[in-house]
Amino acid sequence: MKKKTVALWAVVALIMVALLIGIIFTGSDEEGADISETMQDAVLHENDKIDFFGLNVNPGFISALIVSLSIIAFGVVVRIFVIPRFKLKPGKFQIFLESIVSFFDGIAKQNSPHRNGFLGAYVFAAGVYIFVSTLFELIGIQWVSVAGESVTLGAPLSDINAAIALGFLSYFVILSGGIASNGLRGIGRTLKDFSLPISMSFRLFGALLSGLLVTELVYHYIALSFVLPVLVAVLFTLLHALIQTYVLIMLTSLFYGEVSEPHVKKEKNKNKKTETAVSD
Amino acid sequence: MPLNIDWQQILLHLFNFCILAIALYFLLYKPIKKYMAKRDAYYDEQAKNAKDRLDEAEKLKNDYAARLSDADREIEKKRSDVLHEAAEYREKRIGEAEAEAEAMIEKAKRDAKRERDKIIDGAGKEIADMVGAAAEKLVFDSTDAAYEAFLSTAEKAAEDAENDEDK
């Protein structure tokens, strides 16, 4: 216990020393690119394209690839080494994995009681992707752009193309649920909410971009690069990750449940017909 | 396109996400759900077995209770029979005892009567003897007294005569 306390205080003292050194050696004059240019690049990615097998892509796509590969690698390891060793009396990691699957499956079942098999799998994938990809910006991996400059890879969904892809895909998933359950009536129900893909896409984009911009803003000034990022980056990112995951999967599940609800014929016409028959 | 929207990149993101979704489905979602379903089935089976065993135990309990009830009834019946038999036997024994007592009393009465008669007969003869003896005694006693009186009178007369002579 004493050793731990000493180590803790040593770490705190080191941080304080680093802060002092930072404050002393950093001037108030900003260096590097203009803030407006940085912000514009963060939104539009016009000057920080990255080469991907001959295609010029935004940094967000490289981030998406890294996130996907990391999740798939994790999945492969879990599938090979963990799942076969699952026990009836589960351990902590097993409980963690089961809780995640149960959470997304539960949301799908709760919001779409009539048809939820595919929805459960989709919201699981989307939820994991949004959460992990949002946390990805915490790592701050550097990549080389086509122009030969260093680019920090942000969250994939802070790229509008990724947000549009996920928003429209969610809309098509909802549409597929409507078609599978109610055929043409399902298409009608889904098309009624035509603004949904746009709202979902831009909500994701706006939320994650705002996080990115705030982080960019903070990192742009060296003096703000001490202590503050711990609060801003970590808290913003964690909150974004949780909130955006929950919002997208909840919206998708709710609309999916709504359009896949079986159509119930109205009783009024029947009653009218019966009444007419009786009066005749 | 405004906002740097690029269809090629949108499709790339879609392709990337589709691969990720498919991989996640087969690597994590499906196996974990399958395992959970299997475990649920196992626990359902266990619960069903437990319920079946409970039902069986309940049935056995009821069966034993019914059998115990039958046994109680049987014991009660046997007890009742035994008591009935005992009562009958007691009645019989009492009857016999009463008959025996009756017979003994009759015999005793007969014996007593015979004895009394015998005694009465014996006593009559004895009384007669006693009366005879008493009469005899009485007679003899009066004779002796008269004789004695006579003798004493005679003697007294003799003495008086002698005395007169002397005078």
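Just above, that's the structure.
Nothing here was measured: the structure is a model prediction, and the numbers come from that model.

Criteria and thresholds
- Residues numbered from 1 in each chain as written.
- Chains lettered and ligands numbered in written order.
- Predicted model: local features only at pLDDT ≥ 70, side-chain atom pairs only at ≥ 80, totals over all residues.
- Heavy atoms only, no water.
- 1 Å grid on protein atoms, 1.4 Å probe; cavity = no way out; pocket = protein on both sides within 12 Å on 5 of 7 lines; lining within 4 Å.
- Points joined across faces, edges and corners; volume = space filled by probe spheres on them.
- Helix = DSSP H or I, 4+ residues; strand = E, 2+ residues; numbered from the N terminus.
- Nonpolar A, V, L, I, M, F, W, Y, C, P; charged D, E, K, R; others polar.
- Core = buried A, V, L, I, M, F, W, Y, C linked by side-chain atoms within 4.5 Å.
- Buried < 20%, exposed > 50% of the residue type's maximum accessible area, 1.4 Å probe, protein only.
- Contact = heavy atoms within 4.5 Å.
- Expected span 1.5 Å × (residues − 1).
- Salt bridge = Lys/Arg side-chain N within 4 Å of Asp/Glu carboxyl O.
- Polar contact = N/O pair within 3.5 Å; in protein donor to acceptor, adjacent residues only side chain to side chain.
- Patch = residues over 30% accessible without salt bridge, like charges linked within 9 Å, V, L, I, M, F, W, Y side chains within 5 Å.
- Areas by Shrake-Rupley, 256 points an atom, 1.4 Å probe, with all protein chains shown as cover.
- Lys, Arg positive; Asp, Glu negative; His and termini not counted.
- Charge placed at Lys NZ, Arg CZ, Asp CG, Glu CD.
- Phe/Tyr/Trp six-rings, centres within 6.5 Å; stacked < 30°, edge-to-face > 60°.
- Axes fitted to C-alpha atoms, helices over the stretch in contact; angles between N-to-C directions.
- Parallel < 35°, antiparallel > 145°, perpendicular 65-115°, else oblique.
- Left-handed = near helix turned anticlockwise from the far one by under 90°.

**Description of the layout of surface pockets**
Residue and element names in this part refer to chain A.
Part 1: Empty space within the largest pocket amounts to approximately 890 Å³.
Part 2: As for the largest pocket, its lining consists of 34 residues, of which Thr38, Ser150, Val151, Thr152 and Glu216 are closest to the centre.
Part 3: Those elements giving two or more residues to the lining of the largest pocket turn out to be helix H2 (35-44), helix H3 (59-82), strand E4 (150-152), helix H8 (196-220) and helix H9 (228-259).
Part 4: When residues of the lining of the largest pocket are assigned to their parent elements, the largest contribution, five residues, is made by H8.
Part 5: Class assignment of the residues belonging to the lining of the largest pocket gives a composition of twelve nonpolar, 14 polar and eight charged.

**Considering unusual backbone geometry**
Part 1: Despite not being glycine, A:Phe53 has its phi angle at roughly 50°, a positive value.
Part 2: Note on placement: A:Phe53 falls in the loop between strand E1 (50-52) and strand E2 (55-57).

**Structural notes on empty space enclosed by the protein**
Part 1: Following the criterion strictly, the structure yields two cavities of 30 Å³ or more and no others.
Part 2: Lining the largest cavity are A:Tyr129, A:Ala162, A:Ala165, A:Leu166, A:Leu169, B:His13, B:Leu14 and B:Phe17.
Part 3: Looking at the lining of the largest cavity, the elements with two or more residues in it are helix H6 (160-182) of chain A together with helix H1 (7-166) of chain B.
Part 4: With four residues, H6(A) is the single largest residue contributor to the lining of the largest cavity.
Part 5: Looking at the lining of the largest cavity, its residues break down into seven nonpolar, one polar and no charged.
Part 6: Taken as a whole, the second largest cavity encloses approximately 30 Å³ of empty space.
Part 7: Around the second largest cavity, the lining residues are A:Met200, A:Arg203, A:Leu204, A:Gln244, A:Val247, A:Leu248 and A:Leu251.
Part 8: Contributions of two or more residues to the lining of the second largest cavity are made by H8 and H9 of chain A.
Part 9: Residue contributions to the lining of the second largest cavity peak at four residues, all from H9(A).
Part 10: Here the residues of the lining of the second largest cavity sort into five nonpolar, one polar and one charged.

**Thoughts on the nonpolar core**
Part 1: Of all hydrophobic cores here, the largest spans 69 residues; its most connected members are A:Leu166 and B:Phe17.
Part 2: For this core, the element with the most residues is H1(B), which contributes 13 residues.
Part 3: Once you skip the residues sitting within four places of it in the chain, A:Leu166 turns out to touch A:Tyr122, A:Tyr129, A:Ile130, A:Leu157, A:Leu204, A:Leu248 and B:Phe17.

**Quick notes on H3(A)**
Part 1: Taking 1.5 Å per residue, 24 residues should reach 34 Å; H3(A) reaches 33 Å between its end C-alpha atoms and fits that length.
Part 2: Of the positions making up H3(A), those classed as buried are A:Pro59, A:Gly60, A:Phe61, A:Ile62, A:Ser63, A:Ala64, A:Val67, A:Ser68, A:Ile71, A:Gly75 and A:Val78.

**Thoughts on the interface of chain A and chain B**
Part 1: Taken together, the 48 residues of chain A in the interface contact 30 residues of chain B.
Part 2: Scanning the region where chain A abuts chain B turns up two salt bridges.
Part 3: Between A:Glu98 and B:Arg39 there is a salt bridge, and its shortest N-O distance comes to 2.7 Å.
Part 4: At the junction of chain A with chain B, the criterion picks out eight residue pairs in polar contact (both at pLDDT 80 or more).

**Quick word on a negative patch on the surface**
Part 1: Taken together, the side chains of B:Asp141, B:Asp144, B:Glu148, B:Glu155, B:Glu159, B:Asp160, B:Glu162, B:Asp164, B:Glu165 and B:Asp166 present a region of like negative charge at the surface.
Part 2: Mapped onto the fold, B:Asp144 is located in helix H1.

**Some details on the side chain of A:Thr134**
Residue and element names in this part refer to chain A.
Part 1: Turning to its location among the elements, Thr134 is positioned in helix H5 (residues 117-136).
Part 2: Using a relative accessible area of 0% as the deciding quantity, one classes Thr134 as buried.
Part 3: Excluding residues that lie within four positions of it along the chain, Thr134 makes contacts with Ala155, Leu208, Thr237, His240 and Ala241.

**A closer look at the environment of A:Tyr219**
Residue and element names in this part refer to chain A.
Part 1: Counting through the fold element by element, Tyr219 comes out in helix H8.
Part 2: Given the relative accessible area of 45%, Tyr219 is considered partly exposed.
Part 3: The spacing of Tyr219 and Val43 is 176 residues in sequence and 16 Å in space, taken between C-alpha atoms.
Part 4: Setting aside chain neighbours within four positions, we find Tyr219 in contact with Ser225 and Pro229.

**A look at the environment of A:Gly117**
Residues and elements named next belong to chain A.
Part 1: Note on placement: Gly117 falls in helix H5.
Part 2: For Gly117, a relative accessible area of 47% corresponds to the partly exposed category.
Part 3: When the C-alpha positions of Gly117 and Met16 are compared, they lie 53 Å apart, and in sequence the two are 101 residues distant.

**Focus: the packing of aromatic side chains**
Part 1: The final tally for this structure, using the stated rule, is 15 aromatic pairs over all chains.
Part 2: When the ring of A:Phe103 is compared with that of A:Phe104, the centres are 5.2 Å apart and the planes differ by 70°; the resulting orientation is edge-to-face.
Part 3: Exposure remark for A:Phe103: the relative accessible area of 42% places this residue in the partly exposed category.
Part 4: Take A:Phe104: its relative accessible area is 6%, and that puts it in the buried class.
Part 5: Within the aromatic cluster, the residues linked to one another by ring pairs are A:Phe103, A:Phe104, A:Phe124, B:Tyr25, B:Phe26 and B:Tyr29.

**A look at the packing of H5(A) against H6(A)**
Residues and elements named next belong to chain A.
Part 1: Packing of H5 against H6 leaves a shortest axis separation of 11 Å and a crossing angle of 170°. By the angle class used here, H5 and H6 are roughly antiparallel. Across the interface between the two elements, Phe118, Tyr122, Tyr129 and Ile130 of H5 pack against Leu166, Leu169, Ser170, Val173 and Ser176 of H6.
Part 2: Taken together, the residues that form the contact of H5 with H6 break down as seven nonpolar, two polar and no charged.

**Here we look at the packing of helix H4 (residues 92-111) of chain A against H5(A)**
Residues and elements named next belong to chain A.
Part 1: Packing of H4 against H5 brings their axes to within 8 Å, and their N-to-C directions diverge by 125°. Between H4 and H5, the angle is such that the two are oblique. Seen along the crossing, H4 lies across H5 with a hand that is right-handed. Touching Ile100, Val101, Phe104 and Ala108 of H4 are Leu119, Gly120, Val123, Phe124, Gly127 and Val128, all from H5.
Part 2: Tallied by class, residues from the contact of H4 with H5 come to eight nonpolar, two polar and no charged.

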